[in-house]
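Chains, contacts and geometry: an overview
These are the residues of each chain, in order.
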Amino acid sequence: MPLPPDRAGTVGLFATCLMNAMRPNIGFAAAQLLEDAGWRVEVPREQTCCGQPAYNGGDEDAARALARRTIAQFEAFDALVAPSGSCLATLKHDYPRLLRDDPLWAGRAQALADKSWELLTFLHERGGAERIRSRFPHRVVYHDSCSGLRQLGIREAPRALLARVEGLTLIEAEDREVCCGFGGTFSVKYPALSERLAENKVQRLLATRAEVVLGGDLGCLLHLAGRLARICAPVRVYHTVEVLAGLADGPGIGQA
Amino acid sequence: MQIRTREFVPRATFALHDPNLQRALANAAGGFIGKRAKAVAEVPEFEALREAARVRKDEILAELDLWLERYEERVRAVGGQVHWARDAEEARAIIRALCARAGAKTVAKGKSMVSEEIGLNEALATDGLEVIETDLGEYIVQLAKEPPSHIIAPAVHKTKEQVAELFAEHHGTTPEPTVPGLVTEAREQLRCQFFRTDVGITGANFLIAETGASVIVTNEGNGDLTQTLARVHIVTAGIEKVVPTLEDATLFLRLLARSATGQDSETYTTYSMGPRRADDPDGPQEYHVVLVDNGRSRMLGGPWREMLRCIRCGACMNHCPVYGAIGGHAYGWVYPGPMGSVLTPLFVGLDTAYDLPNACTLNGRCGEVCPVKIPLPDLIREVRHAQQRDGLHPPAEQRAKALWRRAAERPALYHGLERLAVRLLATLGQNGRIRRLPGLSAWTDARDLPAPAGRTFLELWHAKGRDQ
Ligand code: SF4
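Residues numbered from 1 in each chain as written. Chains lettered and ligands numbered in written order. Predicted model: local features only at pLDDT ≥ 70, side-chain atom pairs only at ≥ 80, totals over all residues. Heavy atoms only, no water.

Before going further, it helps to examine the overall build of chain B. Scanning chain B from N- to C-terminus turns up 23 helices and 12 strands. The C-alpha extent of chain B, read off along each of the three principal axes, is 90 × 55 × 45 Å. Looking at chain B as a whole, 58% of its 468 residues are labelled buried. Taking the intrachain contacts of chain B between residues at least 6 apart in sequence as the baseline, contacts between residues at least 24 apart amount to 73%. Accessible surface computed for chain B: about 19600 Å², of which carbon and sulfur atoms make up 53%. (Helix = DSSP H or I, 4+ residues; strand = E, 2+ residues; numbered from the N terminus. Buried < 20%, exposed > 50% of the residue type's maximum accessible area, 1.4 Å probe, protein only. Contact = heavy atoms within 4.5 Å. Areas by Shrake-Rupley, 256 points an atom, 1.4 Å probe, with all protein chains shown as cover.)

So this is what it looks like as structure tokens:
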């Protein structure tokens with residue numbers, strides 16, 4: 001199948017902190033999907049964090065410093081892509097706002113924001129979905145993470161892409177727009193609240209009788225997988241891209 | 001109202017384990033969310049209305065002084081008086097003086113969050129006045145000696161059974177624990193009280209500058225009685241409540257009813273304008289409006305200006321998962337939930353209300369439902385930034401953040417630390433997870449920590465010589 005000309009470029013893969021440390025498989029799955037779609041994939045060595053923990057934690061100054069670093073690392077690529085709606089929301093919405101009053105950086109922040117994509121939306125809108133060839137004969141429920149859902153409108157893309165996976169049955173949970181209670185540092189600053197919200201969410205997910213929980217943000221997935229493991233629920237958890245790339249044959253998150 | 005925001009964590013923890021509260025909250029949330037969704041779906045142009053309301057409110061706020069002056073003129077012209085209160089203390093003093101001058105013994109009150117904000121009930125009680133709350137929810141919390149827990153449903157934290165018990169205890173009756181049974185019971189008790197009141201105090205949902213009218217919406221009609229039967233009617237309102245025209249008020253009223261209770265309009269929309277005229281069949285002899293600033297004009301000029309668009313509909317708290325888990329009392333002051341997490345720190349102090357903006361996942365559902373499109377998550381984050389500037393985050397957290405930042409700006413160090421952490425965590429994992437992690441027990445008390453495999457993505461990727 002020849003590739004359309006607009007996919008001849010190079011994509012910088014943003015390795016989110018949690019993915020980099022806790023689940024490298026997601027990064028490899030992301031790279032594979034992008035390459036299958038015809039893009040050249042590069043992973044800048046010098047990248048660190050997008051700065052969201054600082055931004056949400058109140059430290060605008062640190063967030064600004066990390067925003068500048070990330071912009072410098074990625075602005076030469078045709079696109080920046082990350083397997084996370086949360087980090088992407090920071091790049092797309094918060095960078096331009098954070099650097100709005102900085103004449104040297106405001107334009108660069110906006111330019112990067114304009115070509116930054118969450119992976120599933122990228123495949124869905126820029127093409128590449130037709131090349132998904134994976135099989136996953138399971139009943140799955142998809143968890144919408146809040147930043148992706150509300151700030152980037154990620155709702156259609158994961159469902160459309162999952163519909164292409166052979167054998168996969170997607171079941172919708174009740175209250176699917178309700179937060180799982182992760183919230184970054186919220187999860188350790190207010191553990192009792194976080195636990196209650198996790199439990200509410202987990203009960204909704206379990207009520208679907210799905211075998212597998214999928215999602216697009218590793219923070220929520222670590223939190224949900226951790227809670228599911230703690231209550232010994234026989235459910236596996238993967239990032240959506242692992243399933244799309246056919247790399248969900250190993251143990252799920254939090255399993256061996 | 002007493003400020004108990006410092007007790008957020010213990011009160012929230014207690015709330016999580018209060019079975020009656022949990023039952024009441026579960027019922028309430030289901031009702032509010034479903035009804036609003038249905039009411040919004042019936043209006044295809046709802047999104048356009050929200051946008052129109054946002055734009056209009058901003059226009060009004062930009063000329064607020066002008067509209068307030070116009071409003072004052074009109075109130076005077078119809079025989080009423082306007083009093084300006086810079087802060088809570090001035091507001092209390094004005095109202096106490098008005099009550100004293102009227103020789104009042106009994107005061108009937110309609111629901112008013114501003115009166116909670118300025119601590120009016122306590123002040124009137126000090127003067128030996130009998131205060132009768134006429135809103136059913138307010139009446140219930142008054143009997144229970146509790147503050148309201150929601151801005152439009154003050155007693156939403158109570159189950160029907162609890163209310164029936166409360167009525168039995170105070171009225172010596174045995175009401176049925178059903179909504180109609182309880183409403184009838186309260187109505188009978190309150191009816192006779194209305195006729196003995198000297199002063200009626202109401203809030204206002206809107207103040208209309210072109211006519212000098214104040215508007216309140218209720219579902220019980222108590223507003224009408226409160227203001228028509230008393231000799232003196234006092235309206236208390238924040239200065240942001242003024243709108244230029246009746247048409248403006250109509251736009252906001254449509255959004256308010258649908259967002260608050262999922263109705264097309266509330267059952268009673270009551271307009272009041274000046275004292276009784278010669279040919280009026282009823283109405284008060286005196287009509288006063290107390291306009292309360294209490295920090296609002298300061299907000300006009302700062303990063304929290306957008307918060308002044310708030311029309312107090314309560315949709316943000318109805319859709320907040322944290323409010324849904326703990327209810328309003330845990331927030332420790334008048335305004336709970338997302339709007340309170342912005343407002344309360346501004347009113348009582350960034351320090352005193354430290355936890356409110358921090359105990360939020362920033363999931364954004366509040367901002368999505370707000371009828372005047374207040375970007376609540378952004379404003380909540382903005383409060384955290386202000387707390388950072390004032391050095392209010394806990395010292396251990398500040399140190400951790402500073403260290404983390406230094407590392408994150410140095411890739412070699414950051415990646416080295418990540419590699420180290422990942423190896424360490426991998427050795428602690430059993431069956432792919434870590435059950436207890438000293439130092440991170442805030443995580444592992446409630447959940448396992450999925451264990452990493454032992455290598456970071458960056459080291460694996462570059463070890464394969466993929467690029468650069
Ligand atoms: S902030 Fe918005 S949603 Fe919340 S009470 Fe005010 S107007 Fe309603």
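Turning to the sheet that holds strand 2 (residues 40-42) of chain A, a few remarks are in order. Residues and elements named next belong to chain A. Strand order in this open sheet of 4 strands is 2-1-3-4, and the pairing throughout is parallel. Unpaired on one side and paired on the other, strand 2 and strand 4 (116-118) mark the two borders of the sheet. Along the sheet, successive strands turn relative to each other by an average axial angle of 35°, direction set aside. With 3 bridges connecting them, strand 3 (residues 79-82) and strand 4 associate as parallel partners. Directly across from Leu80, in strand 4, lies its bridge partner Ser116. (Pairing = 2+ DSSP bridges. Axes fitted to C-alpha atoms, helices over the stretch in contact; angles between N-to-C directions.)

Moving on: the pattern of salt bridges. The final tally for this structure, using the stated rule, is 54 salt bridges over all chains. Residue Arg97 of chain A is joined to Asp378 of chain B by a salt bridge in which the shortest nitrogen-to-oxygen separation is 2.9 Å. Of this pair, Arg97 of chain A sits in helix 5 (residues 85-98) while Asp378 of chain B sits in helix 19 (residues 376-389), on two different chains. One salt-bridge network, held together by shared partners, links Glu51, Arg54, Asp58, Glu306, Arg309 and Lys373 of chain B. (Salt bridge = Lys/Arg side-chain N within 4 Å of Asp/Glu carboxyl O.)

A word on unusual backbone geometry. The phi angle at Asp175 of chain A is positive, at roughly 55°, despite the residue not being glycine. For Asp175 of chain A, a relative accessible area of 38% puts it in the partly exposed group. Positive phi values are uncommon outside glycine, yet Leu362 of chain B reaches one of about 55°. What makes Leu362 of chain B buried here is its relative accessible area of 13%.

Near the ligand lie 15 residues; those nearest to it are Cys310, Cys313, Gly314, Cys316 and Cys370 of chain B. Across the shell around the ligand, the residue classes break down as 13 nonpolar, 1 polar and 1 charged. (Near = heavy atom within 4 Å. Nonpolar A, V, L, I, M, F, W, Y, C, P; charged D, E, K, R; others polar.)

In this structure the tally under the stated criterion is 18 aromatic pairs over all chains. Considering the side-chain rings of Phe28 of chain A and Trp461 of chain B, the 6.0 Å spacing of their centres and the 35° angle between planes classify their relative orientation as tilted. Taken as a pair, Phe28 of chain A in helix 2 (residues 24-36) and Trp461 of chain B in helix 23 (residues 457-463) lie in two separate chains rather than in one. Side by side, Phe28 of chain A and Trp461 of chain B carry an identical accessibility label, which is buried. When the centroid spacing of 6.2 Å and the interplanar angle of 25° are considered together, the rings of Tyr323 of chain B and Tyr331 of chain B count as stacked. (Phe/Tyr/Trp six-rings, centres within 6.5 Å; stacked < 30°, edge-to-face > 60°.)

Another aspect to go through is the interface of chain B and chain A. Counting residues at the interface gives 64 residues for chain B, matched by 69 residues for chain A. Buried area between chain B and chain A, summed over both chains or domains, comes out near 5800 Å², and the portion from carbon and sulfur atoms is 58%. Between Glu397 of chain B and Lys189 of chain A there is a salt bridge, and its shortest N-O distance comes to 2.8 Å. (Buried area = accessible area lost by both parts, 1.4 Å probe.)

For the rest of this paragraph, the subject is helix 5 (residues 88-101) of chain B. All names here are of chain B. Here helix 5 contains 14 residues, and its C-alpha end-to-end distance of 20 Å stays within 8% of the 20 Å for a straight helix at 1.5 Å per residue. Among all positions in helix 5, only Ala88, Ala91, Ile94, Ile95, Leu98 and Cys99 are buried. One side of helix 5 holds all its buried residues, which, seen down the axis, span an arc of 130°. Exposed residues pointing more than 90 degrees away from the buried face of helix 5 are listed as Glu89, Ala100 and Arg101. On its buried face, helix 5 sits against strand 1 (81-85), strand 2 (106-109), helix 7 (120-126), strand 4 (199-202), strand 7 (232-238) and strand 10 (286-292). Backbone geometry just downstream of helix 5 places Gly103 in the positive-phi region, at approximately 60°. (Expected span 1.5 Å × (residues − 1). Arc of directions from axis to C-beta.)

Let us now look at the packing of helix 3 (residues 46-62) of chain B against helix 12 (residues 246-260) of chain B. Residues and elements named next belong to chain B. As a packed pair, helix 3 and helix 12 sit with axes 10 Å apart at the nearest point and diverge in direction by 130°. Classified by the angle between their axes, helix 3 and helix 12 sit oblique to one another. Helix-helix and strand crossings are classified by hand; for helix 3 and helix 12 the assignment is left-handed. Mapping the contact onto sequence places Phe46, Leu49, Arg50, Ala52, Ala53, Arg56, Lys57 and Ile60 in helix 3 and Asp248, Leu251, Phe252, Arg254, Leu255, Arg258 and Ser259 in helix 12. Its residues placed into classes, the contact of helix 3 with helix 12 shows 8 nonpolar, 1 polar and 6 charged. (Parallel < 35°, antiparallel > 145°, perpendicular 65-115°, else oblique. Left-handed = near helix turned anticlockwise from the far one by under 90°.)

Our next topic: helix 2 (residues 19-41) of chain B. With 23 residues, helix 2 of chain B extends 33 Å from end C-alpha to end C-alpha; this agrees with the ideal 33 Å at 1.5 Å per step. The N-terminus of helix 2 of chain B is capped by Asp18 of chain B, whose side-chain oxygen sits 3.1 Å from the backbone nitrogen of Asn20 of chain B. (Polar contact = N/O pair within 3.5 Å; in protein donor to acceptor, adjacent residues only side chain to side chain.)

Put simply, an interface is often sized by how much accessible area is lost when its parts join up. Residues and elements named next belong to chain A. Domain parsing of chain A yields domain 1 (5-125) and domain 2 (134-244). On a C-alpha basis, the centroid separation for the pair domain 1 and domain 2 is 22 Å. Surface buried jointly by domain 1 and domain 2 totals about 1800 Å² across both partners, of which 73% is contributed by carbon and sulfur atoms. Three residues stand out in domain 1 for area buried against domain 2, namely Ile26, Leu120 and His124, and they jointly supply 30% of the buried area on that side. Between the two partners, domain 1 and domain 2, sit 1 salt bridge. Two residues, Glu242 and Arg23, come together in a salt bridge whose shortest N-O distance is 2.9 Å. Our count for the contact surface shared by domain 1 and domain 2 stands at 7 residue pairs in polar contact (both at pLDDT 80 or more). Mapped onto the side of domain 1 that touches domain 2, the elements with two or more residues apiece are helix 1 (17-22), helix 2, helix 5 and helix 7 (119-126). (Domains from an automatic or database assignment.)

Our next topic: the sheet that holds strand 9 (residues 268-272) of chain B. Residues and elements named next belong to chain B. Within the open sheet, the 4 strands sit side by side as 8-5-6-9. Their pairing is mixed. Unpaired on one side and paired on the other, strand 8 (242-243) and strand 9 mark the two borders of the sheet. As defined by bridge partners, strand 5 (residues 206-208) adjoins strand 8 across 2 bridges and the pair is classed as parallel. Counterpart to Leu207 in the pairing with strand 8 is Val242. Sitting on the sheet, helix 11 (residues 222-229) is in contact with strand 6 (213-218) and strand 9, with an inclination near 25° to strand 9.

So, about the state of the cysteines. With the rule as written, the count across this model stands at 0 disulfides over all chains. Cys360 of chain B carries a free sulfur, and the closest cysteine sulfur to it, the one in Cys366 of chain B, is 6.3 Å from it. (Disulfide = S-S within 2.5 Å.)

With that out of the way, let us pick up the nonpolar core. Burial of nonpolar side chains together is a common tendency in soluble globular proteins. Formed by 96 residues in total, the largest nonpolar core has its most connected members in Leu193 of chain A together with Phe8, Met307, Ile326, Tyr335, Met339 and Val342 of chain B. At 7 residues, the largest contribution of residues to this core is made by helix 12 of chain B. Excluding anything up to four places from it in sequence, Tyr335 of chain B contacts Met113, Val114, Glu117, Ile151, Arg296, Arg312, Gly340, Leu343, Thr344 and Phe347 of chain B. Counting 72 residues, the second-largest nonpolar core is a separate cluster that includes Val11, Met22, Val141 and Leu205 of chain A. (Core = buried A, V, L, I, M, F, W, Y, C linked by side-chain atoms within 4.5 Å.)

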